[in-house]
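# Summary of structural features
Listed here are the chains, written in short residue letters.
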Amino acid sequence: MKALPHQVSKARTLVRKLKLYGLVLFAGEVRSGKTAAFILAATTITPKHIVITKKGAIDGVKKFTNNVTNYHQVGKLKPEYDLVVLDECHRYITGYPKRSKLWKDIYEITSKAKYIIFSSGTPTPESYAMLFNMLALSLDSPWKKYKKFTQWHQDYGIYATKVIGYDEARGKVRTALDYSQTKDDKILKDIDHLKVSMTRVEAGHKFEPTDKLHLIPLTTQQEEIVSTIKKSKIYNFNEEYSIVCDTASKYLQKLHQIAGGFVNAVDLCEQSKVFQVDSNKVKYIQENFNPDDTIILAYYIPEQEYLASIFPNVGSLTKNSDGVDFSHFKNMVIYSMGFSAATYQQVIGRQLNFITRTEEVIIHFLISGLDQYVYDAVSSKQNFTTKWYKEKDNGKAI
């Protein structure tokens, strides 16, 4: 493995902190070269290391080491490693308040290791509450005196509740504790010494990705469906299948699906069926982009399948948000977005390559209907939620 100077420098920092603290939080921006840096650090410390990452990133890691597996195979590992790298950790092991089976399988491995590198392309978590269970995988966690998330949250959390439904019989909303609210400054003070960051500027990138929004009007059919469900929260495709928006989250999801041209409807037995509605997005791509040098990413599977029947280069927005290099494509078109700010940050870096990319990178977003709200949220580093939408739309639409 031939590492670049900035990767060597960062690997040295990782090694130093690992030897001091036993764990490190490595936040490398997308396309900054973090994989080579953490593998160089791991191999410097011990040959008995393992990288655990997402399935789609395996081939990229194998360019540097064969000591790699994916999160779905963790249960097959033996606890025989001195160092464990948990790559893209924000996606798999940050659930709370309860710990998942995957977390427990990983703990079987990490509890026997001397060193752990928590690596992510997302420097800031969606909530700092995500950090407690993640760092509890290390015996050197700064919060090791707390045995449970709820104990930790009493000191580091802020009491809050969230609406989870409506009890029609009692005429009251149903609420639950919202653990996402935390005392961020207190948390950051405890973990600051564990953090190592890596930027695209350090890697030598000459350009930052630029977003370009293509505003595409809804079709007459889309406008009719949107107008109907805004008024009655239901739209009938036929005598059997209907769009039912009995909660705020379902309502927003259906608006999101309608904008992309494919929407799930259900019958009286709750059996679902996907209906295609008129959309201007496909025609817009055909008229404005060369399909041979354009990669198109979509959020929903029916969208992906339909686009793949027309265009040669189509992928999943979520599956291709990290660990993939699309720098060989001239254009990247985002057909539909997800609701996660982290996914947005990952996706916009997929075309960057500090070695081969010598021109400005422009990410093309197709914006119809609800898409504008989704983009405004995630591009400002906030998740798109019903709460966010209500605040922006003054509650008029829900």
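Residues numbered from 1 in each chain as written. Predicted model: local features only at pLDDT ≥ 70, side-chain atom pairs only at ≥ 80, totals over all residues. Heavy atoms only, no water.

### Some details on empty space enclosed by the protein
Note the cut-off: In this analysis, the protein atoms alone were mapped onto a 1 Å grid. Cavities are point sets where a 1.4 Å probe fits without being able to get out; pockets are open sets with protein on both sides within 12 Å along at least five of seven lines; lining residues have an atom within 4 Å of a point. Grid points are joined across faces, edges and corners, and a volume is the space filled by probe spheres set on the points. Helix numbering and strand numbering both begin at the N terminus, where a helix is a DSSP run of H or I of at least 4 residues and a strand a DSSP run of E of at least 2. Note on residue classes: Ala, Val, Leu, Ile, Met, Phe, Trp, Tyr, Cys and Pro are nonpolar, Asp, Glu, Lys and Arg are charged, and everything else, Gly too, is polar.
A complete count under the given rule lists two cavities of 30 Å³ or more for this structure. One number sums up the size of the largest cavity: a volume of about 60 Å³. In terms of lining residues, the largest cavity is bounded by Leu-317, Ile-334, Met-337, Gly-338, Ser-340, Thr-343, Tyr-344, Val-347, Phe-365 and Val-378. Broken down by element, the residue count for the lining of the largest cavity peaks at three residues, all from helix 13 (residues 341-347). Classifying every residue of the lining of the largest cavity gives seven nonpolar, three polar and no charged.

### Here we look at helix 9 (residues 220-232)
Selection criterion: Every helix has an expected span of 1.5 Å times one less than the residues it contains. Type-normalised accessible area, obtained with a 1.4 Å probe on protein chains alone, sets the label of each residue: buried when under 20%, exposed when over 50%, and partly exposed for intermediate values. Throughout, the arc means that of the directions going from the helix axis to the C-beta atoms. Note on definitions: a residue-residue contact is assigned when non-hydrogen atoms from the two residues lie within 4.5 Å.
The terminal C-alpha atoms of helix 9, which comprises 13 residues, lie 18 Å apart, in line with the 18 Å expected from a rise of 1.5 Å per residue. Those residues of helix 9 that sit buried are Gln-222, Ile-225, Val-226 and Ile-229. In a view along the axis of helix 9, the buried residues occupy a sector of 95 degrees, so they form one face of it. Within helix 9, the exposed residues directed more than 90 degrees away from the buried face are Thr-220 and Lys-231. Structurally, helix 9 contributes buried residues whose contacts are with strand 10 (234-236), strand 11 (242-244) and helix 10 (248-260). Lys-233, located one to two residues past helix 9, shows a positive phi value of around 65 degrees.

### Re unusual backbone geometry
Geometrically, the link from Tyr-96 to Pro-97 is a cis peptide bond, its omega value of 0 degrees lying close to zero. Here Pro-97 is to be found in the loop between strand 4 (83-87) and helix 4 (101-110). Its identity as a non-glycine residue notwithstanding, Glu-270 has a phi of 65 degrees, on the positive side. When you line up the elements, Glu-270 lands in the loop between strand 12 (262-266) and strand 13 (272-276).

### Remarks on helix 1 (residues 5-21)
Here helix 1 contains 17 residues, and its C-alpha end-to-end distance of 24 Å stays within 8% of the 24 Å for a straight helix at 1.5 Å per residue. Residues His-6, Gln-7, Lys-10, Ala-11, Leu-14, Val-15, Lys-17 and Leu-18 constitute the buried set of helix 1. Where helix 1 is buried, its residues touch strand 1 (23-28), helix 2 (34-45), strand 4, strand 5 (115-120), strand 8 (195-198) and helix 8 (200-203). One or two residues past the end of helix 1 sits Gly-22, with phi positive at roughly 85 degrees.

### Some remarks on the side chain of Lys-54
Tracing the backbone shows Lys-54 in the loop between strand 2 (49-53) and helix 3 (58-61). Under the relative-accessibility criterion, Lys-54 is labelled buried at 7%.

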